[in-house]
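Summary of structural features
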Amino acid sequence: MQKVLVVDDDPGIRDVVCFALQKAGFATATAGDGEQALARFAADPPALVVLDILMPELDGVEVCRRLRADAKGRATPIVFLSSKDDEVDRIVGLEVGGDDYVAKPFSPRELVARVRAILRRAATPPAEVERTLKHGRLALDPGRYKAAWDGREIALTLTEFGILRTLLRRPGHVCTRDALMNEAYELHKIVSDRTIDSHVRRVRAKFAALGADPVETVHGVGYKLNSCE
């Protein structure tokens, strides 16, 4: 049974989320603040984290940043809970490594569907996995969700990996933002351009540390893969 860590300073929201997840067959653990979340994660890493952005003292963005800096939390999927009017917070959350977000007030059924979709992408059966995708010095291993540049591994979130995989499947072709997110986000009906751009910026930042930039912006249209030479 996969376990989800639910982090929110509102006990009522924690109870609602845990009830919905448990009803769907997930085990749950809870934390009421950021420090407690990091301690719970370190003691028993979950399959996924549902993380509120706005918490006192150590907020969700900082928790996400610390998890992404830790070897255990580098690839663990994170779904942010955010207030409906806090688009800036959502964008910042995605830029520090969040995989998805659900705006409050939210439907527990939608949250469960998002959790299932993300975990399904992380556990694709070997029979359905593509071969390693290569383009110049860039290589992706869909079976292990691993990315590498010139043989040096780069840790990506599931959504970042999905965006890069979509581009790598179509080298030389321009992918619109809609096309990218239709494949990287299985359940998004409406995704803002800023959300997509946030994920792409984070992909670029990770490769920039190695002196690389595999993604080219086509202004007014979307993105395409660079030559990667």
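About the criteria used
- Residues numbered from 1 in each chain as written.
- Predicted model: local features only at pLDDT ≥ 70, side-chain atom pairs only at ≥ 80, totals over all residues.
- Heavy atoms only, no water.
- Helix = DSSP H or I, 4+ residues; strand = E, 2+ residues; numbered from the N terminus.
- Contact = heavy atoms within 4.5 Å.
- Areas by Shrake-Rupley, 256 points an atom, 1.4 Å probe, with all protein chains shown as cover.
- Salt bridge = Lys/Arg side-chain N within 4 Å of Asp/Glu carboxyl O.
- Buried < 20%, exposed > 50% of the residue type's maximum accessible area, 1.4 Å probe, protein only.
- Pairing = 2+ DSSP bridges.
- Axes fitted to C-alpha atoms, helices over the stretch in contact; angles between N-to-C directions.
- Right-handed = clockwise from strand over helix to strand, strands pointing away.
- Phe/Tyr/Trp six-rings, centres within 6.5 Å; stacked < 30°, edge-to-face > 60°.

**Examining the overall build of the protein chain**
- A tally of helices and strands in the protein chain yields eight helices and 12 strands.
- Here the analysis covers contacts within the protein chain between residues at least 6 apart in sequence; of these, 61% occur between residues at least 24 apart.
- If you sum the accessible surface of the protein chain, you get close to 10,900 Å²; carbon and sulfur atoms cover 49% of it.

**Details of the pattern of salt bridges**
- A complete count under the given rule lists 15 salt bridges for this structure.
- Here K3 makes a salt bridge to D44, at a shortest N to O gap of 2.2 Å. You can see K3 sitting in strand β1 (residues 3-7) and its partner D44 sitting in the loop between α2 (34-43) and β3 (48-52), a full 41 residues away along the chain.
- With relative accessibility at 19%, the residue K3 sits in the buried group.
- Here E160 ties to R202 by a salt bridge, and the two come within 3.0 Å at their closest N and O atoms. Pair noted here: E160 is in helix α6 (residues 158-169) and R202 is in helix α8 (residues 193-208), with a separation of 42 residues, a long-range link. The two residues E160 and R202 agree in class, both being buried.

**What about the sheet that holds strand β4 (residues 78-83)?**
- Pairing is parallel across the open sheet formed by five strands, whose spatial order is β2-β1-β3-β4-β5. This sheet does not close on itself; its edge strands, each paired only once, are β2 (27-31) and β5 (100-104). The sheet shows a mean angle of 20° between the axes of neighbouring strands, taken without regard to direction.
- Bridge analysis of β3 against β4 gives four bridges, and the strand direction is parallel. Looking at the pairing, V49 lines up with I78 of β4.

**Quick word on the pairing of β2**
- In this structure, β1 lies alongside β2, joined through five bridges in parallel fashion. Directly across from V6, in β2, lies its bridge partner T30.
- Crossover handedness for the path β1 to helix α1 (residues 11-23) to β2: right-handed.

**Notes on the side chain of D141**
- Topologically, D141 is positioned in strand β7 (residues 138-141).
- Its relative accessible area of 18% is what places D141 among the buried residues.

**With respect to the pairing of β5**
- For β5, a buried count of four out of five residues is recorded, marking the element as mostly surrounded by other parts of the structure.
- Where β4 and β5 come together, five bridges link them in parallel fashion. Note that in β5 the partner of S83 across the bridge is K104.

**Section: the side chain of K206**
- Counting through the fold element by element, K206 comes out in helix α8.
- Judged by its relative accessible area of 18%, K206 falls in the buried class.
- Every residue in contact with K206, bar those within four places of it in the chain, is listed here: I154, A155, L156, T157 and E160.

**Section: the packing of aromatic side chains**
- Per the counting criterion, the structure on display carries one aromatic pair.
- An angle of 80° between the planes, with centres 6.1 Å apart, marks the rings of W149 and F207 as edge-to-face. One end of the pair, W149, is in strand β8 (residues 146-149); the other, F207, is in helix α8, and 58 residues separate them in sequence.
- Among the residues examined, W149 registers a relative accessible area of 3% and is labelled buried.

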